[in-house]
Structure formats: structure tokens, C-alpha cells
Amino acid sequence: MSEEKSFHMTPDEFRRHGHAVVDWIADYQTRVESFPVLSQVKPGEIRAALPAAPPAQGEPFDALLKDVERLILPGITHWQSPNFFAYFPSNGSGPGILGDLISSGLGVQGMLWSTSPACTELETHMMDWLVGMLGLPDKFLSSTSGGGVIQDTASSAALCALLAGRERATNYASNKKGCDGRLVAYASTQTHSSLEKAAMIAGIGVENLRLIGVDENFAMRPEELARQIEADKKAGLLPCFVCATVGTTSSNAMDPIAAIGEICRRENLWLHVDAAMSGTAMLCPEFRHLQGGVELADSYCFNPHKWMFTTFDCDCFWVADRKALIRTLSILPEYLRNQASESGAVIDYRDWQIQLGRRFRSLKLWFVIRHYGVEGLQHHIREHVRLAQQFAEWVRGDERFELAAPVPLNLVCFRHKGGDAANQTMMERLNRSGDLFLTHTKMDGKFTLRLCVGQTHTQARHVENAWKRIREGTGK
């Protein structure tokens, strides 16, 4: 009798096709500059090229890989292109990709220590490594009352921090009874929009998220924060949380953490510091003054997937008091009870996040840190900052352009003096060309271009070419 067809990919087939996929990725990396950085397809074009119905029988793997090339690549905006200067980067690297591949191959669901001890313990160790690498306060170490956990994004970290601040302020009553409309949280007008979503999800409400004004450098005004807190208390409201930012999305503004922290300590508010992109710069001691006062924070996060060559997604989130976070988020149904957890000798990271399940993200982080070493990571961060500062000098030296904000690190906000329409037209023309990709913001009500140097393989020639194309894009 013939052997029954299993439909599975055999180990030998996996090995052969896996080699083909790795070869394809390596080839993609070598030719990524040949593609338009911003995808040029029209809405609906990708779907129109796909079959209306799924295949009744399985197809050869070679056909899948060919269709990635034929159907998928045209619809890719190439975040890994060295000519990607938009948003903040979401960069990666060879060791990060390979670490992620092993994580996928292991297929770990690391919700509990017992569901894969290595997943939990490597994560704890990587988070402790990074405390020292970034010069963060020792209170974030797992050997103290604090500790770190890998979230998916800074948005999830902010939500967890807000929930912990909410519960601490209500003595953990709001988890049981819900919010009563009195809780108030604070951020600046430049804080990432994820804080608004967090306020919605946490039941605080967008109207109870106070957006504090900023100074001429787009950093939060501590004195305005203090006045607003006092006014809310007099109105019978309950302030519970402040988010300060190290490197805002629009302009890379640095909130004065020390002054904000003193207010939070005095008022007993949870202080969360969001350093999503700029936190990577703290690998270099010369940039750590930008987050002076971080020792006053109750929680802190940064994204290695933005600027530390670790493939998306990977957000590192620390708390000074892990008991407050765990008490806020822990639920223990019978089917998750186990001897290791009951012993109190292990960490169960399911209690540190919103979702139950979790990937083995620390593996790719481990690969990146070990491959580059601290020295290698510092080298690339310093070079990116140097290139951005050079670009800023070129802007200063051209009478047609102006800087729109200070340039502390690797983001340059600038505009042509011809006005909003001229800047928007120039940006759209450049992006349509495919030669580079820029995005914009509005600062002081003016359309402003943003150029962020942070893609893994960006070199001087890419920044030089960007400036050349921008100057040509003025039409003069």
C-alpha cells in the first residue's frame, strides 16, 4: 500500500526551501537600493493581482517564492533601504533576522516560566544587560524591586504604565469597580498619539488626558504641568500619571525629565519615560545627559527595533516596582497554575503585559548584542548622529532652507522658506521618484520636513545624495 500523503513539508524539503529563502533575503539586501523606497502601487493593485479563491491543492514552494518577487515586492515600502529617512526607522540586521528565525523555528509560547524557562530567563538577563549598557538606574535591575520585560511596541509599554499608575492612585480599586471619571493623566502636546489611545483603553478618557504646552524647543513646560495638576486637584479630580518623552516623534524634543520627575515625586504620580527611538543613543555615554533625571522615573521604555538593529517587534520596558505592575495585570485561572509559579522563585511575564501569549523576542536581541558588542553598536549610533549633524549644517548653510527645531541626535526637521505648498510639493515629488523617502510634521502650524538617519546601512553617500535631491527638488 502507498504511504498516506501527510501534506506537511518534510525536514529535507524544509532544509532545501529554507536555504532558498535565506539566499533570497541575502539577495534582497544587496539589491534593496534598486527599488523605489516608497511603494509606487495604487490602492487595490496588490489584491487585484491575487487569485480570487485559494488553491484547492497545495502548490510548489518555488511558485510561492516567485510570487513574492512578482506580486509582493512591488507593494513593499522598503524600510531596510539606506535611503529610507522617513518616520523613525524600523531597522534590522543579519543577526537580528537569524535570531528571529530560530525563535520562529522553536515556536515557543513563553507566557510562563514553565512553558519555556530559557525564554523567560534569557529575557530577564538581556533586560539587565541593557540597564548597564544604557546607563539606566540600578532600580530597574531584576535583582532589585524592579525589572524589565520585552513588549511588542512602546504603545503597549505606555498602556501598561498608565494602567499601573491608575491602579496605584486608586489603591487598585479601579480594576474592580472601573473608573469613575476622576482620574487624570498628563502628556505634552508633542507626546506620541499612543498615549491618547492608552487613555481610551484604560477607561480614563481622552478628555482626562491633559496635553501640556511646550517651550520654544517643543519640550514640555514643567511649570505648566504643575499648575494643571494643582487645578485638577482643586476641581476634585485625581491625577495619576505623567508621560515624559526623550525624543518626541515630530521633532526629537527632549522633555526635562528631572524637573518633571520632581513634580511627580511630590504629587505621587507615576512617571513613565518614553525613549522609543532616542533611547538607543544612550548606549553612548556622551548622549545620556539628554535624559538626566531618569532615576526619578517609575517606568522607562525604548525600542531596539527602531535604531538598535533588532528586527521588529521589540520594545524594552522597565519598572522600578514590579509588584505594582504585576498586581495591576495578573489574573490566575486554574489552568495556568503550576508548581514553579507557586514557588515564587520564577518570573511569569504574562503578568507584565496585556496579552497572555508571548514570543521569544529576547533571542534576536541576544544575537544582536553579541554580534555587534557594545563597541559596534556605539560605532553605528555615533556615525548616524554625525551624518544627521552634517545634514543640519548643510541646511543652515543654504539660504533657501531653515531648521525648524534643534537637532540633538539623528532627526533633522527643516523646511524650504517658500512656504507650506512648496514643501509639500517637493516632498511628494521626491517620494514619487523612489530615490528616497521623507515624511513630514507640522511645527508652529507650518508644514515641516523630517529626515531621520537611522537605517542600519545608511552611509555618508546616501545622506549626501538625499541633500542633492532635496536641493534639486526646489525646482531652482
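Figured I'd write up the structure that's included with this text. (Residues numbered from 1 in each chain as written. Predicted model: local features only at pLDDT ≥ 70, side-chain atom pairs only at ≥ 80, totals over all residues. Heavy atoms only, no water.)

A closer look at the nonpolar core
We apply this condition: In this description, a nonpolar core means a group of buried Ala, Val, Leu, Ile, Met, Phe, Trp, Tyr and Cys residues linked to one another through side-chain atoms lying within 4.5 Å. Buried residues are those whose accessible area, probed at 1.4 Å on protein chains only, stays under 20% of the maximum for their type, while exposed residues exceed 50% and partly exposed ones sit between those limits. Throughout, a contact is declared for two residues whenever any of their heavy atoms are within 4.5 Å.
Membership of the largest hydrophobic core comes to 68 residues, with the highest contact counts inside it found for Leu-130, Leu-225, Val-242, Tyr-300, Phe-302, Trp-318 and Leu-365. Setting aside residues no more than four positions away along its own chain, Tyr-300 makes contact with Leu-136, Phe-140, His-272, Val-273, Ala-275, Gly-279, Met-282, Gln-291, Val-294, Cys-316, Phe-317 and Trp-318. Of all hydrophobic cores here, the second largest spans 34 residues; its members include Leu-163, Ala-164, Cys-301 and Leu-329.

Overview of the pattern of salt bridges
Here is the rule we go by: A pair is scored as a salt bridge if a Lys or Arg side-chain nitrogen falls within 4 Å of a carboxyl oxygen belonging to Asp or Glu. Each helix corresponds to a stretch of at least 4 residues labelled H or I by DSSP, and each strand to a stretch of at least 2 residues labelled E; elements are numbered beginning at the N terminus.
One pass over the structure, following the stated rule, counts 23 salt bridges. A salt bridge links Glu-33 to Arg-461; the nearest nitrogen and oxygen atoms lie 2.9 Å apart. Here Arg-461 lies in helix α16 (residues 460-472) and Glu-33 lies in the loop between α1 (11-31) and α2 (45-49), a separation of 428 residues in the sequence. Here Arg-350 and Asp-351 are joined by a salt bridge, their closest N and O atoms 3.2 Å apart. Looking at Arg-350, the relative accessible area reads 8%, which means it is buried. Put simply, Asp-435, Lys-468, Arg-469 and Glu-472 are held in one network by salt bridges that share partners.

Overview of the pairing of strand β7 (residues 315-319)
Which entries qualify depends on this criterion: Only when DSSP finds a minimum of two bridges between them are two strands counted as paired.
Most of β7 sits out of view: five of its five residues are buried. Of the two faces of β7, the one holding Asp-315, Phe-317 and Val-319 and the one holding Cys-316 and Trp-318 are both buried throughout. Where strand β1 (residues 147-151) and β7 come together, five bridges link them in antiparallel fashion. Across the sheet, Ile-150 pairs through a bridge with Cys-316, a residue of β7. In the sheet, strand β6 (residues 299-302) pairs with β7 via four bridges, with the strands oriented antiparallel. Bridged to Ser-299 within β7 is Val-319.

A closer look at unusual backbone geometry
Note the cis peptide between Phe-312 and Asp-313, where omega equals 5°. Even without being a glycine, Tyr-172 presents a positive backbone phi close to 65°. Mapped onto the elements, Tyr-172 comes out in the loop between α6 (154-169) and α7 (174-177). Judged by relative accessible area, which is 13%, Tyr-172 ranks as buried.

So, the sheet that holds strand β2 (residues 183-188)
Threshold: Inter-axis angles, ranging from 0 to 180 degrees, are taken between N-to-C directions of lines fitted to C-alpha atoms, where helices are fitted over the stretch in contact.
One open sheet holds the seven strands; their spatial order is β1-β7-β6-β5-β4-β2-β3, and the pairing between them is mixed. Among the strands making up the open sheet, the edge pair consists of β1 and β3 (209-212). With direction set aside, neighbouring strand axes in the sheet form an average angle of 20°.

Examining the packing of helix α5 (residues 117-134) against helix α14 (residues 362-396)
Heads up, the rule is: For classification purposes, an angle smaller than 35 degrees is called roughly parallel, one larger than 145 roughly antiparallel, one from 65 to 115 roughly perpendicular, and anything else oblique. Each crossing gets its handedness from the near helix: less than a right angle anticlockwise from the far helix is left-handed, clockwise is right-handed. Each residue receives one of three labels: charged for Asp, Glu, Lys and Arg, nonpolar for Ala, Val, Leu, Ile, Met, Phe, Trp, Tyr, Cys and Pro, and polar for the others, Gly being one of them.
Where α5 contacts α14, the two axes come as close as 10 Å, and the packing angle between them is 25°. When the interaxial angle is binned, α5 and α14 end up roughly parallel. Read as a crossing pair, α5 and α14 show a hand that is left-handed. Contact with α5, carried on its side by Cys-119, Leu-122, Glu-123, Met-126, Trp-129, Leu-130 and Met-133, involves Ser-362, Leu-363, Leu-365, Trp-366, Ile-369, Arg-370, Val-374 and Leu-377 of α14 and no other residues of that element. When grouped by side-chain class, the residues that make up the contact of α5 with α14 number 12 nonpolar, one polar and two charged.

Topic: a nonpolar patch on the surface
This is how the line gets drawn: Patch membership is restricted to residues that have no salt bridge and whose relative accessible area is over 30%. Joining uses 9 Å for like charges and 5 Å for the nonpolar side chains Val, Leu, Ile, Met, Phe, Trp and Tyr. For the area figures, the Shrake-Rupley method with a 1.4 Å probe applies, and any residue is considered shielded solely by the protein chains shown.
On the surface, Val-22, Leu-98 and Leu-101 cluster together into a nonpolar patch covering about 250 Å² of accessible area. Summarising the element assignment, Val-22 is placed in helix α1.

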